[in-house]
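Inside the fold
Here's the letter readout for the chains.
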Amino acid sequence: MNLLIISGTPRKKGRTRKVAYTLLSRLQADVIDLSDLALPLFNGEAEQDRVPEVQWLREMSNDADAFIWISPEYHNGMSGVLKNALDFLNNDHFSHKPTLLMSVSGGGKGGINSINQMRLVGRGLHAMVVPDQLIFDPDSFKEDGAFTADIERRVTQVLHEFTQYAELNPTLGVRG
């Protein structure tokens, strides 16, 4: 299974990127780090199809069998860079592919709105968004940046469920 993690933060340092690379160290996966990818602002014009970063994003997404989207929550929504990246993609990239959603919030009751927004966009892209999800808040991290024991258990549980969906998906490995 070709798993692709999309780190949907524009920040070079921060918890969202930390989550993405922690997962990358535990999973056989590739990562698209949107803090390193200089995508233009999506405008729907055909000339953007020739932009090397857009071509690479599409190729990586096309080759993926499953996805993990991770976004910080900004003003009750997913990050603009993640939405912009997803705007360059379409149903061909996501149709029937398991997609796990994760959000990193600043605290309180944050995170759920970005998850809901990602779920809505995932539905529009025909992704098979799995029912479970994961929200990281400041209490999810130790002082050194590592996950707390509670969030470690939750990560293990959510990744196990996600893997089951991916393994049960009859369309994996079948290309049209």
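A brief look at the structure comes next. Worth saying up front: this structure is predicted, and the values here are computed from it rather than measured. (Residues numbered from 1 in each chain as written. Predicted model: local features only at pLDDT ≥ 70, side-chain atom pairs only at ≥ 80, totals over all residues. Heavy atoms only, no water.)

Three or more residues of helix H3 (residues 80-87) are buried, namely Leu82, Asn84, Ala85 and Leu86. Each element contacted by the buried residues of H3 is listed here: strand S1 (3-7), helix H2 (52-63), strand S3 (66-72), helix H4 (91-94) and helix H5 (112-124). (Buried < 20%, exposed > 50% of the residue type's maximum accessible area, 1.4 Å probe, protein only. Helix = DSSP H or I, 4+ residues; strand = E, 2+ residues; numbered from the N terminus. Contact = heavy atoms within 4.5 Å.)

In terms of nonpolar packing, the biggest core is built from 26 residues, with Trp69 and Leu86 touching the most fellow members. Taken together, the elements giving at least two residues each to this core come down to S1, H2, S3, H3 and H5. If near-sequence neighbours (up to four positions away) are discounted, tryptophan 69 is found in contact with Ile6, Leu86, Phe94, Thr99, Leu100, Leu101, Met102, Met118, Gly122 and Leu125. Val19, Ile70, Val130 and Phe147 belong to the second-largest nonpolar core, a separate cluster that totals 23 residues. (Core = buried A, V, L, I, M, F, W, Y, C linked by side-chain atoms within 4.5 Å.)

Most of strand S4 (residues 98-104) sits out of view: seven of its seven residues are buried. Alternating residues of S4 divide into Pro98, Leu100, Met102 and Val104 and Thr99, Leu101 and Ser103, and every residue in both groups is buried. Strand direction decides the pairing type here: S3 and S4, joined by six bridges, are parallel. Opposite phenylalanine 67, over in S4, you have threonine 99 as the bridge partner. (Pairing = 2+ DSSP bridges.)

Quick look at the sheet that holds strand S2 (residues 29-33) now. Through backbone hydrogen bonds, the strands of a sheet pair up, either in parallel or in antiparallel fashion. A sheet is described by the order of its strands in space; here five strands give the open sequence S2-S1-S3-S4-S5, paired in parallel fashion. Unpaired on one side and paired on the other, S2 and strand S5 (128-136) mark the two borders of the sheet. Strand-to-strand twist of the sheet, defined as the mean angle between neighbouring strand axes without regard to direction, takes the value 20°. Bridge count for S1 against S2 is five bridges, and the pairing is parallel. Residue pairing in the sheet places leucine 4 in a bridge with aspartate 30 of S2. In this fold helix H1 (residues 15-26) packs onto S1, S2, S3, S4 and S5, with an angle of close to 155° to the strand it touches most, S3. (Axes fitted to C-alpha atoms, helices over the stretch in contact; angles between N-to-C directions.)

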